[in-house]
Amino acid sequence: GAGVSQTPSNKVTEKGKYVELRCDPISGHTALYWYRQSLGQGPEFLIYFQGTGAADDSGLPNDRFFAVRPEGSVSTLKIQRTERGDSAVYLCASSLTAAHEQYFGPGTRLTVT
Amino acid sequence: AQTVTQSQPEMSVQEAETVTLSCTYDTSESDYYLFWYKQPPSRQMILVIRQEAYKQQNATENRFSVNFQKAAKSFSLKISDSQLGDAAMYFCAYRVISSGSARQLTFGSGTQLTVLP
């Protein structure tokens, strides 16, 4: 079956602009995670969805970051007023439930110029 | 808070030889999972092996095995008969088991493995 997909694969934007990153999880997976991976580092947790609700958003760095999952499937990570420090690979993962193995997408590389 | 430390930013191994990647972690939890993930240049994070903390037996998956020392909070990965396709960034990761939490993964900073022909 299809794995986790993320679009776009790469995104270049100017400082101050708004961006949206999309994640399509594996069908039937109720848990969805967003991670951010800065250059040379391991991924860091941003937010966790169980179904439609953001059950844990403790990893979001500030209020410029927001994520939604309105129908319990596709999720969108939204970044307002982008800064150069937001440049990173944004990874999405989904799992059947939070107790199960997480499957990762290929990530979106965001570059803020 | 849980932390995961990988003290080897880079490692190299000759093809067909054995290499061991190190990982230590810190947690106050008694039940948790530990993982090794492989990330090639494609960025796709691939699960290599998983260890449940309550199991004393070390996990093995074909050429990959772990040395899990719970008291020392150490979790190393051994790759036997290294192949060119094993070249990648390897991440050690931790996750709690307890319900009621997000159970997100906490990753180390990674070890870049080069396999020499």
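What you are looking at is a predicted structure, and each value in this text was computed from that prediction instead of being measured. (Residues numbered from 1 in each chain as written. Chains lettered and ligands numbered in written order. Predicted model: local features only at pLDDT ≥ 70, side-chain atom pairs only at ≥ 80, totals over all residues. Heavy atoms only, no water.)

## A short note on the environment of Tyr54 of chain B
Residue and element names in this part refer to chain B. Within the fold, Tyr54 resides in the loop between strand 6 (46–52) and strand 7 (60–61). Counting along the chain gives 24 residues from Tyr54 to Ser30, while the straight-line C-alpha distance between them is 8.0 Å. In this view, Tyr54 contacts Asp31 and Ile97; residues no more than four positions away in its chain are not counted. (Helix = DSSP H or I, 4+ residues; strand = E, 2+ residues; numbered from the N terminus. Contact = heavy atoms within 4.5 Å.)

## Quick notes on unusual backbone geometry
Residue Pro8 of chain A is bonded to the preceding Thr7 of chain A through a cis peptide linkage, with omega at -10°. Counting through the fold element by element, Pro8 of chain A comes out in the loop between strand 1 (5–7) and strand 2 (10–13). At Arg81 of chain A, a residue that is not glycine, the phi angle is positive and equals roughly 45°. Examined against the element boundaries, Arg81 of chain A turns out to sit in the loop between strand 8 (75–79) and strand 9 (88–95). The backbone phi angle of Arg43 of chain B is positive, close to 80°, even though this residue is not glycine. Residue position: Arg43 of chain B is located in the loop between strand 5 (32–39) and strand 6.

## Concerning the interface of chain B and chain A
The partner chain A presents 25 residues to the 16 residues of chain B that form the contact. Overall, the association of chain B and chain A removes approximately 1700 Å² of surface from exposure, summing both partners, and the carbon and sulfur fraction of that is 49%. Where chain B touches chain A, the interface holds 0 salt bridges. Looking at the side of chain B that touches chain A, the elements that each hand over two or more residues are strand 5 and strand 10 (88–96) of chain B. Among the residues making up the side of chain B that touches chain A, the classes are represented as 7 nonpolar, 6 polar and 3 charged. (Buried area = accessible area lost by both parts, 1.4 Å probe. Salt bridge = Lys/Arg side-chain N within 4 Å of Asp/Glu carboxyl O. Nonpolar A, V, L, I, M, F, W, Y, C, P; charged D, E, K, R; others polar.)

## Looking at the state of the cysteines
In this structure the tally under the stated criterion is 2 disulfides over all chains. A disulfide bridge connects Cys23 of chain A with Cys92 of chain A, and the sulfur atoms are separated by 1.9 Å. Here Cys23 of chain A and Cys92 of chain A share a disulfide; its torsion about the S-S bond, -65°, makes the bridge left-handed. Highlighted residues: Cys23 of chain A in strand 3 (residues 19–24) and Cys92 of chain A in strand 9, separated in sequence by 69 residues. Given the relative accessible area of 0%, Cys23 of chain A is considered buried. The class of Cys92 of chain A is buried, set by a relative accessible area of 0%. Across the disulfide, Cys23 of chain B is cross-linked to Cys92 of chain B (sulfur-sulfur distance 2.0 Å). Across the S-S bond of Cys23 of chain B and Cys92 of chain B the torsion is about -70°, and the bridge reads as left-handed. Of this pair, Cys23 of chain B sits in the loop between strand 3 (19–21) and strand 4 (24–26) while Cys92 of chain B sits in strand 10, and the two are 69 residues apart along the sequence. The class of Cys23 of chain B is buried, set by a relative accessible area of 1%. (Disulfide = S-S within 2.5 Å. Buried < 20%, exposed > 50% of the residue type's maximum accessible area, 1.4 Å probe, protein only.)

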